[in-house]
Each structure stands twice: as C-alpha cells, then as structure tokens.
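Architecture and fold: a report
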Amino acid sequence: MIWAAQNKYWGRIEESTEYWSSLGIKHIMVKNDPNGNFKLINSDACIPLKNYKLLSKLQEQHNIKYHFHPYNLIVDNKIITHPDEENLPKFRAFLKELDKIISDYNFYPLITLHLPFTQNSKRNILISEQEAIKMSEAMLNGLGLKASIALENMYTPGHNSRDPDISLLGYDPSHFKKAIGNEKNIGLCIDIGHTNLCNRPIKDFLNTDYPVYSIHLHGNDLSGDWHLKPDDKSVKDVAGTISAIRKCQGPVVLEIVDKTLSKKSIIECMQYWTQLVE
Ligand SMILES: [Zn+2]
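Summarised in this report is the structure supplied together with it. (Residues numbered from 1 in each chain as written. Predicted model: local features only at pLDDT ≥ 70, side-chain atom pairs only at ≥ 80, totals over all residues.)

It is worth spelling out the packing of helix 1 (residues 13-22) against helix 2 (residues 49-62) at this point. Relative to each other, helix 1 and helix 2 sit at 25 degrees, their axes nearing to 11 Å. As judged from the angle between their axes, helix 1 and helix 2 are roughly parallel. Remark: the crossing between helix 1 and helix 2 carries right-handed chirality. For the pair formed by helix 1 and helix 2, the contact residues are Ile 13, Glu 14, Thr 17 and Ser 21 on the first element and Leu 54, Leu 55, Leu 58 and His 62 on the second. Looking at the contact of helix 1 with helix 2 residue by residue, the class counts come to four nonpolar, three polar and one charged. (Axes fitted to C-alpha atoms, helices over the stretch in contact; angles between N-to-C directions. Helix = DSSP H or I, 4+ residues; strand = E, 2+ residues; numbered from the N terminus. Parallel < 35°, antiparallel > 145°, perpendicular 65-115°, else oblique. Left-handed = near helix turned anticlockwise from the far one by under 90°. Contact = placed C-beta atoms within 7 Å. Nonpolar A, V, L, I, M, F, W, Y, C, P; charged D, E, K, R; others polar.)

Laid out in structure tokens, this is it:
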C-alpha cells in the first residue's frame, strides 16, 4: 500500500513535502494551489517549467515521489479541464507536455483527472450529460500517454451541500465505460468521500473492471464533500473501501484538508486502514 497525501491546503510545496515526509509518507499528489503559490499551468497556457524543476529537486532531497492531479485549471478565464471545442487542443497539449515532463523528471507516472462538469453556475456551465460524455471522449481519445490516467468518481448531483451548484460526470459507472471505452492505460481513481454522496455503491465502480490506479481517502458526514479524516464514522462503506484499496495499483491519497489535526491522529488513521487492508 502506497500512502500519499496532497500539497493543497498544506502550505507551500516545500512545507507540505517536509510535513508529510516527517510522517513517513513518501508520496505526494500535486494539485494546483494558488494559495500555496504552486501552479501546474500558467494563465496563458504555458507550463511553468521552473515549478516542475523544483519538484524534481525536492523528490531527490526527500526521497519521495510526486504525481499530478490537474483539475479546474484556468487559462484565459476558462476551465481548460472542462474542454469545450475551444479549450480541447489546449488541454490535450497540456496533458502531452505534462506526460513528457513526468518521464523526463522521473515523476510517478499517473495523472488523475475529473470528467467534465454538467453544471457549474459560477463558471456559466450547463450542458447535458450526453454533451459531457462526448467531451470526455474527445478529451481522452488516442492520447497515447506513457503515464496512466485515473478518472475520479463523483457525487450524485444534488448530494453535495458543499457545492450545491456543481455537478460533474463520474457518479455512475456507465460514464466511465462511455468515456474510456477500450483506451489502454486509462482507469479509475476511487474517491471514497464522493462514494459517501453517491447513489451507486463502490462495488459497481470496481465491477467496471477498469484498473484502479489511485484512491482518494477521506470522509464526511454524508451531507457534503468536506474532506474529513477517514474513519468508521466518516466513511459509509468500509468494506467497499477495503476492496477498493486492495484493488488499487497506485497511491492511496489521504485527501484531507484540516491543518489542526495532530500528527498522532493522522498516523493512527493510517494504521487503522493499513490493518484493515492487510
Ligand atoms: Zn478526490
């Protein structure tokens, strides 16, 4: 089991890396984090190579691995990870360049993505599921990356009080079948917090038979996507979670956001899940 954590909400990349490293976590999922001053792409669609060079240095220094979770990336005031016709070439070019950076700098070969929005009021997005499926196919078709792509499952529309005006594809196993089809090297990221807020059980996603390349492990009170510490109270389907972790070939990311948690409680949390899975 490869334990991982995230940079976002945990300070600058140097700080978060040092923090998780001090807990024995040797893998970090890197998100865009404007507050922590780390960006995966610039607002003009250029890749800030110096950021990736810094990560490469930190990887060596701390003997850890990074992988990337580019989602909601904004270029020219538009989300390019929701690739409409205008944004599609930019998004695919970004993925190909990121893939080259991953192999050049020896990052962990995994890119975790969300499927497109069907609704996002803040960004003026409102499209049908059919259109979003078409968008997913166009975004993934024949990319031919060396790194694997993991597509993340989502909450059923209307089940997340944290973002009531946002819906994305990925709450039904059929979305993945349509989006991935027979593409090689594209699988799933099972987000356990989202499964709490989903009408379909974890096993239905596992039964699609796509590889599970990553897990996002966090919990909530079943009312919203709060990213709480995962335990037997904040995770609805513990047995399904164990099956998902056992099937997972890559990093199990503690996708938590609460900086007031003690190191002791985080270590106990990891021990709890490790013992259940072994
Ligand atoms: Zn997630």
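Once that is clear, we can look at the sheet that holds strand 7 (residues 117-120). A sheet is described by the order of its strands in space; here three strands give the open sequence 8-7-10, paired in antiparallel fashion. Two strands close off the open sheet at either side, each with one partner strand: strand 8 (125-126) and strand 10 (166-168). (Pairing = 2+ DSSP bridges.)

Attention shifts here to helix 5 (residues 173-180). Among the residues of helix 5, His 175, Phe 176, Ala 179 and Ile 180 are the ones counted as buried. Viewed along the axis of helix 5, the buried residues span an arc of 110 degrees, placing them on a single side of the element. On the buried face of helix 5, the contacting elements are helix 4 (129-140), strand 9 (148-152) and strand 11 (186-191). Downstream of helix 5 by a residue or two, Gly 181 has a phi angle that is positive, lying close to 55 degrees. (Buried ≥ 20, exposed ≤ 12 C-beta atoms within 10 Å, placed from the backbone. Arc of directions from axis to C-beta.)

By the element assignment, Ser 103 lies in helix 3 (residues 88-104). For Ser 103, a count of 12 C-beta atoms within 10 Å puts it in the exposed group. Sequence-wise, Ser 103 and Trp 3 are 100 residues apart; in three dimensions their C-alpha atoms are separated by 22 Å.

With that settled, consider the pairing of strand 11. For strand 11, a buried count of six out of six residues is recorded, marking the element as mostly surrounded by other parts of the structure. Direction of pairing for strand 9 relative to strand 11: parallel, over a ladder of four bridges. By the bridge assignment for strand 11, Leu 151 is matched with Leu 188. The pairing of strand 11 with strand 12 (residues 212-217) spans four bridges and is parallel. Looking at the pairing, Ile 190 lines up with Ile 215 of strand 12.

Take helix 2 next. Under the 1.5 Å per step criterion, the end-to-end length of helix 2 is 20 Å for 14 residues, consistent within 8% with the ideal 20 Å. Two residues or fewer after helix 2 comes Asn 63, characterised by a positive phi angle close to 55 degrees. (Expected span 1.5 Å × (residues − 1).)

Here the focus is the nonpolar core. As a rule of thumb, soluble globular proteins bury nonpolar side chains together. One finds Leu 151, Leu 188, Ile 190, Ile 215 and Val 253 to be the most contacted residues of the largest nonpolar core, which totals 66 residues. Take this core: its biggest share by element is five residues, from helix 3. Ignoring anything within four residues of it in the chain, the contact list for Leu 188 reads Ala 150, Leu 151, Asn 153, Phe 176, Phe 205, Tyr 210, Val 212 and Tyr 213. (Core = buried A, V, L, I, M, F, W, Y, C linked by C-beta atoms within 7 Å.)

Looking at the secondary structure, you find Pro 109 in the loop between helix 3 and strand 6 (110-113). Excluding its chain neighbours within four sequence positions, the residues that come into contact with Pro 109 are Ile 102, Lys 146, Ala 147 and Ser 148.

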